[in-house]
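Observations on chain architecture
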Amino acid sequence: MISDVHMGQDLSRRSPRTLEEKLSVAICIAETMDILHSAGYVMPDFKPENLMYICKPKMVRIIDVDSVVNYRLHTAAERLFGNVAYASPEMKMLFGRCREGADPEERKRLWKKFLNPISDIYSIGVYLSVLFFEDVLSETGIEDGKNELIDSFVEHYKSETALSRKQLRQVG
């Protein structure tokens, strides 16, 4: 296989630090996954280690293409790879049934029902919540509560954002 060379690192090694970098990564991931989904593919093994962020030009590349699957074919693979840390509950169930040795017809039925872009969107959401809120949550120890989370988010990023608490509550 031949590939072009990029000066980038996977997102597990180079985590964006500023709010601007985080937003850029979020947009790049959304654009990359949109291209993937439009072509009929999903990435059950979604995780930061499988995504490379390239600063110039700003883009995210999938670096583990073995985990990309055509969900429109509805052919149940013998083995489905995925990362349970980022997987939707339906995908976790699908991984478990495949691991337990579900018969080919059951795998095909489950594949058709659960393997779709919605599971990737869930995985992206898990990653983005960690990306944007891990520092905020570890600093404040917030258990739950939307207003407290927004206040802590603004406090954490206050030097980087001009958005007010009121504006964030309106969008959040």
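Right, let's walk through the structure included here. If you're wondering where the values come from, they're calculated on a predicted model, not measured in any experiment. (Residues numbered from 1 in each chain as written. Predicted model: local features only at pLDDT ≥ 70, side-chain atom pairs only at ≥ 80, totals over all residues. Heavy atoms only, no water.)

The subject of this paragraph is the packing of helix H2 (residues 89–99) against helix H3 (residues 104–114). At a minimum axis separation of 10 Å, H2 and H3 run at an interaxial angle of 165°. In terms of axis orientation, H2 runs roughly antiparallel to H3. For the pair H2 and H3, the sense of crossing is left-handed. Together, Glu-90, Met-91, Met-93, Leu-94, Arg-97 and Cys-98 of H2 and Glu-106, Arg-107, Leu-110, Trp-111 and Phe-114 of H3 make up the contact between the two elements. Of the residues contributing to the contact of H2 with H3, the split by class is seven nonpolar, no polar and four charged. (Axes fitted to C-alpha atoms, helices over the stretch in contact; angles between N-to-C directions. Helix = DSSP H or I, 4+ residues; strand = E, 2+ residues; numbered from the N terminus. Parallel < 35°, antiparallel > 145°, perpendicular 65-115°, else oblique. Left-handed = near helix turned anticlockwise from the far one by under 90°. Contact = heavy atoms within 4.5 Å. Nonpolar A, V, L, I, M, F, W, Y, C, P; charged D, E, K, R; others polar.)

Time to look at the side chain of Ser-67. On the secondary structure map, Ser-67 appears in the loop between strand E4 (59–62) and strand E5 (69–70). Exposure remark for Ser-67: the relative accessible area of 3% places this residue in the buried category. Side-chain polar atoms of Ser-67 contact the backbone oxygen of Asp-64, separated by 2.9 Å. Apart from residues lying up to four places away in sequence, Ser-67 is in contact with Val-42, Met-43, Pro-44, Asp-45 and Asn-50. (Buried < 20%, exposed > 50% of the residue type's maximum accessible area, 1.4 Å probe, protein only. Polar contact = N/O pair within 3.5 Å; in protein donor to acceptor, adjacent residues only side chain to side chain.)

The subject of this paragraph is the sheet that holds strand E3 (residues 51–54). Pairing in this open sheet of three strands is antiparallel, and the strands run E1-E3-E4 from one edge to the other. A single partner strand is all that each edge strand has here, and the edge strands are strand E1 (9–10) and E4. Of the pairings in the sheet, the one linking E3 to E4 comprises four bridges and is antiparallel in character. What sits directly across from Met-52, in E4, is Arg-61. The strands touched by helix H1 (residues 19–38) are E3 and E4; relative to E4, the strand with the most contacts, the crossing angle is about 45°. (Pairing = 2+ DSSP bridges.)

Burial along E4 is one-sided: the face carrying Val-60 and Ile-62 is buried and the face carrying Met-59 and Arg-61 is not. With antiparallel pairing between neighbouring strands as the criterion, E3 and E4 make up a hairpin whose turn holds four residues.

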